[in-house]
Amino acid sequence: MPPKQPLRRQSVSVGRGTRKRDEDSGTEVAEGADEWAQSKATVRPPDQLELTDAELKEEFTRILTANNPHAPQNIVRYSFKEGTYKLIGFVDQLAVHFSQVGNLIPKDSDEGRRQRYRNNLVTGSEESAKLVISEAEVVEEEDEPKEAEAGSQTDVPAAEAAEKVAEELMTPKQPKERKLTNKFNFSERASQTFNNPLRDRECQMEPPPRTNFSATANQWEIYDAYVEELEKQEKTKEKEKAKTPVAKKMGKMAMRKMTSMESQSDDITKVTQAAKIVERMVNQNTYDDVAQDFKYYEDAADEYRDQEGTLLPLWKFQNDKAKRLAVTALCWNPKYNDLFAVGHGSYDFMKQSRGMLLLYSMKNPSFPEYIFSSESGIMCLDMHMDHPYLVVVGHYDGNVAIYNLKKPHSQPSFRSSAKSGKHTDPVWQVKWQKDDMDNNLNFFSVSSDGRIVSWTLVKSELVHTDVIKLKVEGSTTESLEGLQLYTVGCGTAFDFHKEIDYMFLVGTEEGKIYKCSKSYSSQFLDTYDAHNMAVDAVSWNPYHTKVFMSCSSDWTVKIWDHTIKTPMFIYDLNSAVGDVAWAPYSSTVFAAVTTNGKTHVFDLSINKYEAICNQPVVAKKKNKITHVQFNPIHPIIIVGDDRGHVTCLKLSPNLRKMPKLLRTTVGNNGCEVTAFGGSSRQQPRPSKGVSYLEHPSPPLAPGLESLPHSR
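Residues numbered from 1 in each chain as written. Predicted model: local features only at pLDDT ≥ 70, side-chain atom pairs only at ≥ 80, totals over all residues. Heavy atoms only, no water.

By the naming in an unreviewed UniProt entry, the protein is Dynein axonemal intermediate chain 1 isoform X2, taken from Equus przewalskii. According to the UniProt record, the Sequence similarities (unreviewed entry) comment for the protein is "Belongs to the dynein intermediate chain family." Per UniProt, the protein carries the Subcellular location (unreviewed entry) text "Cytoplasm, Cytoskeleton, Cilium axoneme". (UniProt positions renumbered as here; feature names shortened; annotations may be inferred.)

A. Inspection of the packing of aromatic side chains at higher detail. A full pass over the atoms with the stated rule returns 25 aromatic pairs. Taking the centre distance of 6.3 Å and the plane angle of 15 degrees together, the rings of phenylalanine 443 and tryptophan 455 count as stacked. Here the residue phenylalanine 443 occupies a position in strand β16 (residues 442-447), and tryptophan 455 occupies one in strand β17 (residues 451-458), the gap between them amounting to 12 residues. Like phenylalanine 443, the residue tryptophan 455 is buried in the burial classification. Relative to phenylalanine 496, the ring of phenylalanine 444 lies with its centre 5.0 Å away and its plane at 70 degrees, an arrangement referred to as edge-to-face. Residue phenylalanine 444 is located in strand β16, and its partner phenylalanine 496 is located in strand β21 (residues 491-496); the two are separated by 52 residues in the primary sequence. Of the two residues, phenylalanine 444 and phenylalanine 496, both sit in the buried class. These aromatic residues form a ring-pair network of at least three members: Phe569, Tyr571, Trp582, Phe590 and Phe602. (Phe/Tyr/Trp six-rings, centres within 6.5 Å; stacked < 30°, edge-to-face > 60°. Helix = DSSP H or I, 4+ residues; strand = E, 2+ residues; numbered from the N terminus. Buried < 20%, exposed > 50% of the residue type's maximum accessible area, 1.4 Å probe, protein only.)

B. Quick look at the UniProt feature "repeat: WD" (unreviewed entry) in the protein. The feature "repeat: WD" (unreviewed entry), as annotated in UniProt, sits at residues 528-561 in this numbering. A distance of 11 Å separates the end C-alpha atoms of residues 528-561, which is 0% helix and 59% strand.

C. Local environment of the sheet that holds strand β35 (residues 646-651). Strand order in the open sheet formed by 4 strands is β6-β35-β34-β33, with antiparallel pairing between adjacent strands. Lying at the two open borders of the sheet, with one neighbouring strand each, are β6 (311-317) and β33 (625-630). Sheet twist, expressed as the average angle between the axes of neighbouring strands with direction ignored, equals 25 degrees. Relative to β35, β6 runs antiparallel, the two being bridged by 5 bridges. Bridging across to β35, leucine 311 finds its partner in leucine 651. Running at roughly 135 degrees to β6, helix α8 (residues 288-296) makes contact with β6, β34 (636-641) and β35 of the sheet. (Pairing = 2+ DSSP bridges. Axes fitted to C-alpha atoms, helices over the stretch in contact; angles between N-to-C directions. Contact = heavy atoms within 4.5 Å.)

D. Representation of the pairing of β35 in the model. Most of β35 is tucked away, with 6 of its 6 residues classed as buried. Across the two faces of β35 the burial is the same, with Val646, Cys648 and Lys650 and Thr647, Leu649 and Leu651 all buried. Connecting β34 to the next strand, β35, in antiparallel fashion are 4 residues, including glycine 644 with a positive phi near 90 degrees.

E. Representation of unusual backbone geometry within the structure. Despite not being glycine, tryptophan 555 shows a phi value in the positive range, around 80 degrees. Of note, tryptophan 555 is situated in the loop between β26 (547-552) and β27 (556-561). You can call tryptophan 555 partly exposed: its relative accessible area is 42%. Look at asparagine 574: it is not a glycine, yet its phi comes out positive at around 65 degrees. The topology assignment puts asparagine 574 in the loop between β28 (569-572) and β29 (577-582).

This is the structure:
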């Protein structure tokens with residue numbers, strides 16, 4: 001076999017350049033920069049866009065998601081739980097591209113070894129033969145140049161090489177272990193995102209009670225039932241023939257009532273408590289933003305208002321049955337701070353009709369908790385301190401009544417009558433008092449007939465006692481027969497002292513205020529020329545025992561010291577004042593409402609001359625606000641108008657500042673120095689005792705103590 005010549009390249013010099021001639025192809029390749037230029041030449045397609053550098057640098061991001069674009073999105077399945085077809089929200093995004101049914105055999109098992117050995121024999125024999133032949137050719141190529149260079153050192157005949165190849169083919173080789181690869185086992189982690197399935201929330205409940213009823217009906221039973229029905233119809237016809245026309249009408253009315261009662265028997269009386277809870281839950285979800293404001297909202301603008309404040313409207317309470325009735329009374333429940341009572345009637349003498357007593361809760365603003373109706377308008381009410389389920393009301397026709405919230409019927413539990421000494425004019429105010437010596441319930445009432453009556457509940461009956469009869473001073477005259485005639489004073493409002501049980505104040509239509517005592521029925525303790533028109537309300541200060549407040553239709557609110565006949569403060573509000581109320585958290589804060597629809601809040605410790613809040617409350621100017629009341633715990637007030645609406649308002653932080661503590665220290669001269677809000681005054685030391693005192697409730701603001709008792 002002739003030896004192969006090694007491949008060689010010849011260089012042919014042409015001029016200055018040097019070219020290489022490839023012997024195989026016969027082409028000439030120029031050396032230098034031309035070779036690199038040819039390899040880097042770019043070819044652009046004719047339809048390529050011409051883009052700027054900014055457009056070339058712009059990136060277009062493509063996001064690979066695991067969602068199957070061909071998966072259906074509107075699968076509907078039947079829900080046995082709800083009994084309807086429902087849309088399935090979760091769609092399986094898995095797409096199967098290849099599946100094959102087969103058997104897996106462990107490679108370490110006997111069957112696996114046999115199959116692997118069998119496959120290696122088939123593939124290994126062919127590969128080994130090819131490998132041996134290629135190695136023999138390589139050996140020959142390597143031996144030929146060695147013989148040429150070294151001469152004839154060793155002569156290896158071709159027969160020996162053939163013998164070696166035959167020996168290698170005859171000797172069996174151990175097959176190599178091959179790893180079985182799965183061509184379809186490739187996966188990219190970024191694209192195999194698993195979508196978590198949605199979980200179904202279910203609740204377990206007790207199954208409703210069930211009873212199995214079975215009966216058989218035959219022709220005889222059906223016939224007997226028809227016969228009984230015919231006999232009943234004949235009996236009813238005979239009874240109707242025997243009745244008179246009037247009796248027939250009464251019978252028809254009774255039948256209608258019976259049918260109406262039967263139709264109403266399928267109401268929700270059995271699930272009243274559950275329905276009330278669900279109703280409150282729905283209302284709290286509906287008025288969630290108002291509840292959040294009531295609990296957490298504070299007006300941050302008060303810091304920049306220079307001690308002034310605002311009122312935030314919260315809920316509005318109204319009922320269709322009391323739509324055209326004015327709010328004549330408001331009272332918070334002493335035990336449940338979210339419950340208040342509203343009395344509805346009319347202040348117009350020419351438009352007197354029915355009355356209503358409604359009790360609302362802030363937990364359910366849409367509908368009252370209790371509804372009581374009356375034939376005459378309710379003009380005043382009060383709730384008992386120890387028995388918060390007892391509500392006493394005064395009517396326009398002069399009657400007083402006691403409602404018991406524990407009893408479901410709408411009629412009052414106790415009611416006065418003409419025999420039991422009812423008033424002859426409208427009852428303008430009622431107040432519960434402490435029980436008498438025999439632990440009988442006791443309350444007072446005042447009316448335009450000039451009588452102040454004490455009512456006592458004795459053996460389920462109301463017993464009255466006239467405490468005092470109001471007389472206009474200077475109006476007593478003698479008749480021809482020697483009898484003394486006097487003009488009766490019309491009482492409009494009264495209030496009892498917080499500490500002195502026997503003392504109380506009475507306001508009249510003539511504008512006078514009388515200080516009276518339960519022990520004296522013939523004369524007054526004192527008389528104040530308070531107002532020029534009827535006194536609408538009088539109220540003692542809850543902290544200071546000497547101070548009381550009055551308001552009138554003459555546009556004024558006056559603050560008094562009952563030991564002095566002239567008022568300490570007079571405020572003109574430019575409209576008739578319907579009601580006033582002291583705040584339960586401070587001795588210097590009070591609120592007043594006027595007929596022009598505004599609410600005024602005063603704080604004497606901040607400003608003694610004008611209100612720190614004047615805000616319209618009702619939507620229309622024609623609406624008149626009639627009453628106002630502070631909540632005993634929460635920083636809110638409720639106001640009622642003549643359209644039957646009650647609005648709840650939240651006081652801003654400037655309107656509910658707590659007063660400073662009153663501190664008393666001993667001076668150098670043996671006198672006690674009382675300091676309050678920076679002002680001080682010396683008082684003679686009454687007795688030996690502790691040199692430093694703190695009063696949790698301030699008796700009086702600095703404005704009430706330091707200012708002279710004059711206008």
